[in-house]
Amino acid sequence: MTELTRGLEVREGSFGVHGSPDTSGYGGLRKVVSEIPAAEPPFGSWFDKAVLALSKSLKAKDLMPEQVIEKVMIYRAELTLMIAREHLLTVMQSLRDEDELSFEVCLGVAGVHWPEEQGREIHINYPLLSMLHNRRLSVEVALPVKDPRVASVTSVYPGNNWHERETYDFFGVIFVGHPGLTRILMPDDWPGFPQRKDYPLSGVDVEYKGAIIPPPDERRWYT
Amino acid sequence: MTTDYAPSIETTEGTVFNLSGGDWESLVTGVEGEQERIVVNMGPQHPSTHGVLRLILELDGETVVQVRPGIGYLHTGIEKNLEFRNWVQGVTFVTRMDYLSPFFNETVYCMGVEKLLGISDQVPERAKTLRILMMELNRISSHLVALATGGMELGALTAMTFGFRDRELILDIFEMVTGLRMNHAYVRPGGVSCDLPPGAVEKIRATVKHLRKSTQDNVNILVGNQIWLGRTKGVGYLDLQGCLALGVTGPVLRATGVPWDLRKTQPYLGYERYEFEVQTQDTCDAYGRFLIRLGEIAESLNLVDQALDFLEPGPVMIEDKSIAWPAQLALGADGLGNSQEHIAKIMSQSMEALIHHFKLVTEGFQVPRGQVYTAVESPRGELGAFVVSDDSTRPYRVHFRDPSFSNLQATPAVGEGGQIADLIAALASLDPVMGGVDR
Amino acid sequence: MGLEEKLPSGILLTTVEKLAGYSRKTSLWPATFGLACCAIEMMATGAGRFDLARFGMEVFRASPRQADLMIVAGRVSQKMAPVLRQIYDQMASPKWVLAMGVCASSGGMFNNYAIVQGVDHVVPVDMYLPGCPPRPEMLIDAILKLQEKIQNEKMGSAKREEIVLNEEFARKELPLLERKGLLA
Ligand code: SF4
């Protein structure tokens, strides 16, 4: 667990200044950006019951809950379960099918790229909704950027089909078992994954005549 | 076997003729005896696809055997752009996503930012009521466009004229309050950008009164109209199971009889105080969705009236000076700008106020590390915002779960097996807005 | 010239160029090329209150082959650019392009990987209309300005000469990036 809560990034100075003759006094500030810490039980509200129900269901499937649920995060009264990537599909199945959980709707999947987090660079987050119990919960999985593979949940939640294609399009996450994992929003032959942090905001070629758009900060200059 | 007009290629599935315009007769005689399977590309520039949507249709005569929607022709990279601007500037981008319901985009984003900051309950009451007021007006204008364009796509041009006519009246209110007809950036983290101008309440009341009557025009010409019934009844069938599996929300879900409306089930911004009925139908078809939209227009008109009743004098921006936009924004003749008193104060009286203004406007405020998911009921369904902060003055990542995106996914489910004309009706009843789908 | 005096009343003399310009400008048929938010304003312009029909422009054509004005209303993405070009190519000459909104004119606020930074990368633009979105009145004004331009358009060999001259002028222009404007 300690490995998970370590600092993601160290920031120095204000305005991102480095080694400048900054006399404001803020130049020496050091700040560690950390991950959301794990919550300790009891979690309060209906969270305990839900986690318990999930654990029970996992045990029935011969899985150790501690190995599957890496971390329980509670932030601003929202429950997020960090799941080991090889068990994602099983967890989703339980979340949907157990009576006490019944999260019937999956509202898609969103990727986040944390380049500083070695080996867990890409996080994907599935918000789930239970109309029966009127509850929300998120499931999160961390993947290494070198091998961003995870099981597709389209067999459990068919509506995630396009959402997974979108996450593939922008983050390069490969959803194994997806019926047709192709680019969806960008042109089919687009190189790179635009919403990763190492992809520039701008400065890409236009298809027509091979023109190049300079990045915004270099677009105009005044001499 | 080739024809002059249609060059053919051999594929694993047989001979494929490629035709783009030209003489149909000569092709038909050319392919005599071949197994006929027509693949038609419809869009992305087509008047009936509800925006820049591309549909690849496989036809057997008039019957649609397979539909494959192609999207992305309006992808704007808004989510990435947000990461390069500060939290307040983000509002300007999100308002341009689903351009028919800008206030919902702004509100859901701001609610996310407020939740991250932990200030959700410090947002002043008046600001919350104003948000609801604007959102409900927006819901009306959005549904009016849905009726208008839906009507136009089915050839009911009068419906379109009525829809746009009534929408203009609402845009007048928007312009009076925010300075703009569209893309307002009115809702800001911590409140709204400015208070109602003098005379706005009376104008809104008068408009609501007028709209109660004029929106009846569409009811009168369409409800029970034989042609309209013939085009929409039993068309685009999607039942509850299909909706849940595909993550479809909004009027489409409510047309299956489920009263799922986030305003009622998970109230936000004080919706629990308002009295309204969740509109449902149990027909699961395009006609039911159309009726729901009409019903919601009427309910929203009531909600606007209630919101005006709830309006109490007070601030419209959070107290906390480290978050509140420093300038008292005011609407001038040339649009929204800093108020003259504020300029006078920072330029000639208070150096500290100037520094504060400068810091907050250029650098912005910091939002603590965290991630939240917020959702509102937009005219098209659940609009969610997944907002991640890394403890800096700019969003780390914002992802929008746009209802149009999920609902559009149901196109094959509602369109396959029917005729092409029905596909258009079904698509119009899903009411996707491509700006929201592609973001 | 003594010709005018000899004409019976009710007859007006003009040049072929002017007559053609006059007929062209008063019967513009726009192709619907609505893309984003601006498209909604374009539709509003065609609807009741603003009523584009007053200027002989209401026949929005869905087929590019029947249209001679393309109003690019909205942001053009990299994916849409080839489609845009194809539609432009399908339109019959003479044809004009109106870039509606800042997105179509220059990329606007979306200075990113997804949006073409101005449709003039893809098609020649005759009229740029700023605004985000431009009000319907602005669109009408832009169209009227365009009509003025069409009225004075040359024909035949004069047109060819004009094209050569314009080309010459454009070649000598500094790229946008290097222009200094008022800061020169
Ligand atoms: S210029 Fe503004 S209104 Fe027009 S398409 Fe671009 S963002 Fe939308």
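The sections below set out a description of the structure shown in this document. Note that the structure is predicted; figures quoted are calculated from it, not measured.

## Describing the overall build of chain A
Looking only at helices and strands, chain A features five helices and 10 strands. By the burial criterion, 51% of the 223 residues in chain A qualify as buried. Long-range pairs, those at least 24 residues apart, make up 52% of the contacts in chain A with a sequence separation of at least 6. Here chain A has roughly 10600 Å² of accessible surface; of this, 54% comes from carbon and sulfur atoms.

## Brief notes about the site of the ligand
For the ligand, the set of nearby residues contains 14 residues, the closest of which are Asn183 of chain B together with Cys37, Cys38, Cys103 and Cys132 of chain C. Positioned at a junction of chains, the ligand has nearby residues supplied by chains B and C. In terms of residue count, helix H5 (residues 101-106) of chain C provides more of the shell around the ligand than any other element does, three residues in total. Its residues assigned to classes, the shell around the ligand comprises eight nonpolar, four polar and two charged.

## A look at the packing of aromatic side chains
This structure, assessed with the given rule, holds 14 aromatic pairs over all chains. On the basis of an interplanar angle of 90° and a centroid distance of 6.1 Å, the ring pair of Phe103 of chain B and Tyr186 of chain B is categorised as edge-to-face. With a gap of 83 residues between them, Phe103 of chain B in helix H4 (residues 102-117) and Tyr186 of chain B in the loop between helix H6 (157-178) and strand S6 (187-188) connect regions that are remote in the sequence. The pair Phe103 of chain B / Tyr186 of chain B is uniform in exposure class, with both members buried. One aromatic cluster is present, built from ring pairs that chain together Tyr268, Tyr271, Tyr274, Phe276 and Phe310 of chain B. Geometry around Tyr396 of chain B places Lys197 of chain A over its ring, the cationic atom sitting 3.9 Å from the centre.

## A short note on the nonpolar core
Buried together is how nonpolar side chains tend to be arranged in soluble globular proteins. Ranked by size, the top nonpolar core spans 208 residues in total, and within it Leu95, Ile124 and Tyr126 of chain A, Ile71 of chain B together with Val72 of chain C carry the most contacts. Ranked by residues supplied to this core, first place goes to helix H5 (residues 125-153) of chain B with 10 residues. Two domains each donate at least three residues to this core, and these are domain 1 (8-70) and domain 2 (86-320 + 365-437) of chain B. Core analysis: the next-biggest nonpolar cluster, separate from the first, contains 21 residues, Leu28, Cys38, Met42 and Ala73 of chain C among them.

## A short note on the interface of chain A and chain B
Of the residues lining the interface, 52 residues belong to chain A; the matching set on chain B comes to 50 residues. Buried area between chain A and chain B, summed over both chains or domains, comes out near 4400 Å², and the portion from carbon and sulfur atoms is 57%. For chain A, the biggest contributors to the area lost against chain B are Trp162, Leu185 and Leu201 of chain A; these three give 16% of the whole. At the boundary of chain A and chain B, one finds four salt bridges.

## Comments concerning unusual backbone geometry
Of note, the amide linkage connecting Cys132 of chain C to Pro133 of chain C takes the cis form, showing an omega dihedral of -10°. Examined against the element boundaries, Pro133 of chain C turns out to sit in the loop between strand S4 (127-129) and helix H6 (136-151). One non-glycine residue, Ala185 of chain B, lies in positive phi territory at about 55°. Secondary-structure assignment places Ala185 of chain B in the loop between H6 and S6.

## Here's the deal with the pattern of salt bridges
Enumeration according to the criterion identifies 40 salt bridges over all chains in this entry. In this structure, the salt-bridge partner of Asp147 of chain A is Arg85 of chain A, at a minimum N-O distance of 3.3 Å. Highlighted residues: Asp147 of chain A in the loop between strand S8 (135-143) and strand S9 (149-151) and Arg85 of chain A in the loop between strand S4 (78-83) and helix H4 (88-97), separated in sequence by 62 residues. One network of salt bridges, with partners in common, ties together Glu136, Arg139, Arg254, Asp261, Arg263, Glu296 and Glu377 of chain B.

## Quick look at a nonpolar patch on the surface
Taken together, the side chains of Met347, Met351, Leu354 and Ile355 of chain B present a nonpolar region at the surface, about 410 Å² in accessible area. As for its placement among the helices and strands, Met351 of chain B is situated in helix H15 (residues 351-363).

## What about empty space enclosed by the protein?
Residues and elements named next belong to chain B. Scanning all chains against the criterion turns up six cavities of 30 Å³ or more. In this structure, the largest cavity spans a volume of roughly 120 Å³. Gly150, Trp228, Phe290, Ala428 and Ser429 are, among the 13 residues lining the largest cavity, the residues nearest its centre. Mapped by element, the contributors of at least two residues to the lining of the largest cavity are H5, helix H9 (226-232), helix H13 (286-310) and helix H18 (420-430). When residues in the lining of the largest cavity are grouped by element, the largest group, four residues, is from H5. Of the residues contributing to the lining of the largest cavity, the split by class is eight nonpolar, four polar and one charged.

## A look at the pairing of strand S3 (residues 96-100) of chain C
Within a regular strand, the side chains alternate between the two sheet faces. Residues and elements named next belong to chain C. Where burial is concerned, most of S3 is hidden: five out of the five residues are buried. Going residue by residue along S3, you find Trp96, Leu98 and Met100 tucked away on one face and Val97 and Ala99 tucked away on the opposite face as well. The pairing of strand S2 (residues 69-73) with S3 spans five bridges and is parallel. From the neighbouring strand, Val72 faces S3, where its bridge partner is Ala99.

## A look at the sheet that holds strand S10 (residues 370-378) of chain B
All names here are of chain B. Ordered by their spatial adjacency, three strands build an open sheet running S10-S11-S12, and the pairing between neighbours is antiparallel. Each end of this open sheet is capped by a strand with a single partner; those strands are S10 and strand S12 (397-401). Taken over all neighbouring pairs, the strand axes of this sheet differ in orientation by 15° on average, direction set aside. Taken together, the nine bridges between S10 and strand S11 (residues 381-389) define a ladder with antiparallel strand orientation. Among the inter-strand pairings, Glu377 is bridged to a residue of S11, identified as Glu382.

## Observations regarding the pairing of strand S7 (residues 122-130) of chain A
Residues and elements named next belong to chain A. Of all nine residues making up S7, nine are buried, and the element is well covered by its neighbours. The side-chain alternation of S7 yields two buried faces, one formed by Ile122, Ile124, Tyr126, Leu128 and Ser130 and the other by His123, Asn125, Pro127 and Leu129. Of the pairings in the sheet, the one linking strand S6 (residues 110-113) to S7 comprises four bridges and is antiparallel in character. Bridge pairing in S7 places Gly111 opposite Ile124. Sheet topology note: the S7/S8 ladder contains nine bridges and is antiparallel. Across the sheet, residue Tyr126 finds its bridge partner in S8, namely Val139. The turn linking S7 back onto S8 is made up of four residues, and Asn134 within it adopts a positive phi angle of 60°.

## Things to note about the packing of H6 of chain B against helix H3 (residues 37-46) of chain C
Contact geometry of H6 of chain B with H3 of chain C gives a least axis separation of 10 Å together with a crossing angle of 110°. Taken as axis vectors, H6 of chain B and H3 of chain C run roughly perpendicular relative to one another. The two elements H6 of chain B and H3 of chain C cross, and the hand of that crossing is left-handed. Residue-level contacts link Phe164, Arg167 and Glu168 of chain B of H6 of chain B to Ile40, Met43 and Ala44 of chain C of H3 of chain C. A class-by-class count of the residues in the contact of H6 of chain B with H3 of chain C yields four nonpolar, no polar and two charged.

Reading guide: rules and limits
- Residues numbered from 1 in each chain as written.
- Chains lettered and ligands numbered in written order.
- Predicted model: local features only at pLDDT ≥ 70, side-chain atom pairs only at ≥ 80, totals over all residues.
- Heavy atoms only, no water.
- Helix = DSSP H or I, 4+ residues; strand = E, 2+ residues; numbered from the N terminus.
- Buried < 20%, exposed > 50% of the residue type's maximum accessible area, 1.4 Å probe, protein only.
- Contact = heavy atoms within 4.5 Å.
- Areas by Shrake-Rupley, 256 points an atom, 1.4 Å probe, with all protein chains shown as cover.
- Near = heavy atom within 4 Å.
- Nonpolar A, V, L, I, M, F, W, Y, C, P; charged D, E, K, R; others polar.
- Phe/Tyr/Trp six-rings, centres within 6.5 Å; stacked < 30°, edge-to-face > 60°.
- Lys NZ or Arg CZ within 6 Å of the ring centre and 35° of its normal.
- Core = buried A, V, L, I, M, F, W, Y, C linked by side-chain atoms within 4.5 Å.
- Domains from an automatic or database assignment.
- Buried area = accessible area lost by both parts, 1.4 Å probe.
- Salt bridge = Lys/Arg side-chain N within 4 Å of Asp/Glu carboxyl O.
- Patch = residues over 30% accessible without salt bridge, like charges linked within 9 Å, V, L, I, M, F, W, Y side chains within 5 Å.
- 1 Å grid on protein atoms, 1.4 Å probe; cavity = no way out; pocket = protein on both sides within 12 Å on 5 of 7 lines; lining within 4 Å.
- Points joined across faces, edges and corners; volume = space filled by probe spheres on them.
- Pairing = 2+ DSSP bridges.
- Axes fitted to C-alpha atoms, helices over the stretch in contact; angles between N-to-C directions.
- Parallel < 35°, antiparallel > 145°, perpendicular 65-115°, else oblique.
- Left-handed = near helix turned anticlockwise from the far one by under 90°.

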